[in-house]
Amino acid sequence: MSRLRIGIIGCGSVAQIVHLPTLYQLRNLFEVAAICDVSPKALAGVGEAWNIASRFSRYQDLLALDTVDAVLIANPSAYHAEATIAAMRAGKHALVEKPMCLNLAENDAIIAEAEKTGRLVQVGTMRRYAPAFLEACRIVKEMEEIRLAKVHDIIGRNNLIIEPTSTVVAADDIPESMAASLRHRQEEQIREAIGDQPAALKTAYNMMLGLSTHDTSAMREMLGMPKKVLYATQRHGGRSLTAAFDYGEFVCMFSSGSDNIPRYETFLQVYGADKALRVDYDTPFVRNLPIRLSLVESSDGQRKTHTIIQPGWGDAFTEEWRAFHHSVRSGEPTKASPQDFRQDLLLYRDMIQLMADGEPA
Ligand SMILES: NC(=O)c1ccc[n+]([C@@H]2O[C@H](COP(=O)([O-])OP(=O)(O)OC[C@H]3O[C@@H](n4cnc5c(N)ncnc54)[C@H](O)[C@@H]3O)[C@@H](O)[C@H]2O)c1
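Residues numbered from 1 in each chain as written. Predicted model: local features only at pLDDT ≥ 70, side-chain atom pairs only at ≥ 80, totals over all residues.

**What about the overall build of the chain?**
Line of reasoning, step 1. Looking only at helices and strands, the chain has 11 helices and 14 strands in total.
Line of reasoning, step 2. The C-alpha atoms of the chain give 21 Å as radius of gyration, which agrees with the globular expectation for 361 residues (21 Å, within 12%).
Line of reasoning, step 3. In terms of principal-axis extent, the alpha carbons of the chain reach across some 65 × 55 × 45 Å.
Line of reasoning, step 4. A burial count over the chain gives 42% of its 361 residues as buried. (Helix = DSSP H or I, 4+ residues; strand = E, 2+ residues; numbered from the N terminus. Rg over C-alpha atoms; globule rule 2.2 N^0.38 Å. Buried ≥ 20, exposed ≤ 12 C-beta atoms within 10 Å, placed from the backbone.)

Written as structure tokens, this is what we have:
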């Protein structure tokens, strides 16, 4: 298995806390060949900490290197589509952090470029690679019936967990004009996605792109695409979301939000007739926390067994990177493809429409 030479575009929190240590752990498969960040401070800090000499402030210069096979795109989400397309045009494969892009037009442009160039684009929804999740999917596929499902994701603000557990070189030297241009770009992309909507709905859409894509992509992998969104609503300025997804035979309840408690309360739950299971996730910012599967079942209505399954210590990000390496080297398609991400955008479009319809006059 030859090593892939990776260029990292965007050296912020997730690159520093998660991806660089993961790539180092998997150094039989990967080598970090170059890094890029618009912040001179983040670029120098990360370059020195990880001994990476090849450093760029423009990703176009990193993409021109023939010593880079593939890129990690971990800059702000509003730049993901642009960087992903540029990477493919430069002949590179891309693992792009979620959300892959902010609207359907960008999504379709990525799909078209991937078809043209034959490059791989894998979206960074790492929860779908956790061994406990894959085992849960296997069990669900064997269930005779499903009566109810739940997807729940309430998380403490990331910094509540990052500050006591990690040291991040902050990109706090970016000029205000650059930050303003990012905000403007993001607003335009969101307007393109959902039209002119009240601020709460824009926040809700951002929450879906930033957090819910973990939940809905895992839900779709486990249960398939719902027939429709039955209802969706938001409260607290778009920061608390609920919805119900109609699967015909059953309904999947969805709830999501963030608060000031330093913890993750994140799970998928599926109820059958004599078996129910639940996959629990913890914060991605503390590496190697176990992702747990619990199964409660009864074959005779009397005896109940409750099993906690931890298939191993394998980290979801480690498995995500292994899968990326495998797809690049074997040519096998990835499940976290641009086409797959598009399904999430379709759900969010419908959720926002229902939220808009349900807004009090
Ligand atoms: N998979 C996960 O669980 C997970 C967790 C956190 C973040 N993310 C995603 O990763 C991405 C980055 O998030 P983060 O928390 O690290 O953000 P961050 O703000 O900490 O880091 C972003 C970095 O990108 C740099 N940057 C900005 N514009 C750039 C440009 N044009 N070219 C190159 N670099 C640029 C910034 O200077 C900064 O260092 C986001 O898309 C986010 O949604 C995913």
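**Some thoughts on the nonpolar core**
Line of reasoning, step 1. By size, the foremost hydrophobic cluster in this structure holds 101 residues, and its most contacted members are Ile 6, Ile 8, Ile 9 and Tyr 205.
Line of reasoning, step 2. Here this core takes 11 residues from helix H9 (residues 199-223), the largest share from any one element.
Line of reasoning, step 3. Structurally, this core is a two-domain feature, drawing no fewer than three residues from each of domain 1 (4-126 + 320-336) and domain 2 (128-313 + 343-358). (Core = buried A, V, L, I, M, F, W, Y, C linked by C-beta atoms within 7 Å. Domains from an automatic or database assignment.)

**Things to note about the site of the ligand**
Line of reasoning, step 1. Close contacts around the ligand come from 26 residues, with Gly 10, Gly 12, Ser 13, Glu 97 and Ala 171 the closest.
Line of reasoning, step 2. Considering every element that reaches the shell around the ligand, the biggest residue donor is helix H1 (residues 13-25), with 3 residues.
Line of reasoning, step 3. Of the residues assigned to the shell around the ligand, the class counts are 15 nonpolar, 8 polar and 3 charged. (Near = placed C-beta within 6 Å. Nonpolar A, V, L, I, M, F, W, Y, C, P; charged D, E, K, R; others polar.)

**Some thoughts on helix H11 (residues 338-358)**
Line of reasoning, step 1. Compared with the 30 Å implied by 1.5 Å per residue over 21 residues, the 30 Å span of H11 between its first and last C-alpha is a close match.
Line of reasoning, step 2. For H11, the full list of buried residues reads Pro 338, Asp 340, Phe 341, Asp 344, Leu 345, Leu 347, Tyr 348, Met 351, Ile 352 and Met 355. Relative to the axis of H11, the buried residues are bounded by an arc of 165 degrees and lie together on one face.
Line of reasoning, step 3. Residues of H11 that are buried make contact with helix H5 (104-117), strand S6 (121-123), helix H8 (176-194), H9, strand S8 (228-235) and strand S9 (240-246). (Expected span 1.5 Å × (residues − 1). Arc of directions from axis to C-beta. Contact = placed C-beta atoms within 7 Å.)

**With respect to the sheet that holds strand S3 (residues 55-56)**
Within a beta sheet, neighbouring strands are joined by backbone hydrogen bonds and run either parallel or antiparallel to one another.
Line of reasoning, step 1. Taken together, 6 strands build an open sheet; the order of strands is S3-S2-S1-S4-S5-S6 and the sheet is parallel. Edge positions in the sheet fall to S3 and S6, since each of these pairs with one other strand and no more.
Line of reasoning, step 2. One ladder, built from 3 bridges, connects strand S5 (residues 93-96) with S6; its direction is parallel. When the bridges of S6 are listed, Leu 95 appears paired with Gln 122. (Pairing = 2+ DSSP bridges.)

**Examining H9**
Line of reasoning, step 1. Maximal helix bending in H9 amounts to about 65 degrees, located at Ser 212.
Line of reasoning, step 2. Of all the 25 residues making up H9, 19 are buried; the element is thus mostly covered by neighbouring parts of the structure.
Line of reasoning, step 3. Directly beyond the C-terminal end of H9, a positive phi value near 90 degrees is found at Gly 224. (Bend = angle between axes of the 7 residues up to and from the residue.)

**Some words on unusual backbone geometry**
Line of reasoning, step 1. With omega at -10 degrees, the peptide bond leading from Lys 98 into Pro 99 counts as cis.
Line of reasoning, step 2. Mapped onto the elements, Pro 99 comes out in the loop between S5 and H5.
Line of reasoning, step 3. For Asn 51, which is not glycine, the phi dihedral falls at a positive 55 degrees.

**Topic: the pairing of S5**
Line of reasoning, step 1. The side-chain alternation of S5 yields two buried faces, one formed by His 93 and Leu 95 and the other by Ala 94 and Val 96.
Line of reasoning, step 2. Pairing geometry for strand S4 (residues 70-73) and S5, over 4 bridges, is parallel. Looking at S5, one finds that Ala 70 is bridged to His 93.
Line of reasoning, step 3. Following the backbone out of S5, through H5 and into the adjacent parallel S6, one traces a crossover that is right-handed. (Right-handed = clockwise from strand over helix to strand, strands pointing away.)

**Some points on the packing of helix H4 (residues 80-89) against H5**
Line of reasoning, step 1. Viewed as axis vectors pointing N to C, H4 and H5 meet at an angle of 10 degrees, and their least axial separation amounts to 10 Å. Between H4 and H5, the angle falls in the class roughly parallel. Contacts from Ala 81, Thr 84, Ile 85, Met 88 and Arg 89 of H4 reach H5 at Glu 106, Ala 109, Ile 110, Glu 113, Ala 114 and Thr 117.
Line of reasoning, step 2. Grouping the constituent residues of the contact of H4 with H5 by class yields 6 nonpolar, 2 polar and 3 charged. (Axes fitted to C-alpha atoms, helices over the stretch in contact; angles between N-to-C directions. Parallel < 35°, antiparallel > 145°, perpendicular 65-115°, else oblique.)

**A few points about the domain arrangement of the chain**
Line of reasoning, step 1. Per the domain assignment, the segments of the chain are domain 1 (4-126 + 320-336) and domain 2 (128-313 + 343-358).
Line of reasoning, step 2. Once you take the C-alpha centre of each, domain 1 and domain 2 turn out to be 23 Å apart.
Line of reasoning, step 3. At the interface, 30 residues of domain 1 touch 28 residues of domain 2.
Line of reasoning, step 4. Looking at the side of domain 1 that touches domain 2, the elements with two or more residues in it are H1, helix H2 (40-50), H5 and helix H10 (316-330).
Line of reasoning, step 5. Counted by class, the side of domain 1 that touches domain 2 contains 16 nonpolar, 9 polar and 5 charged residues.

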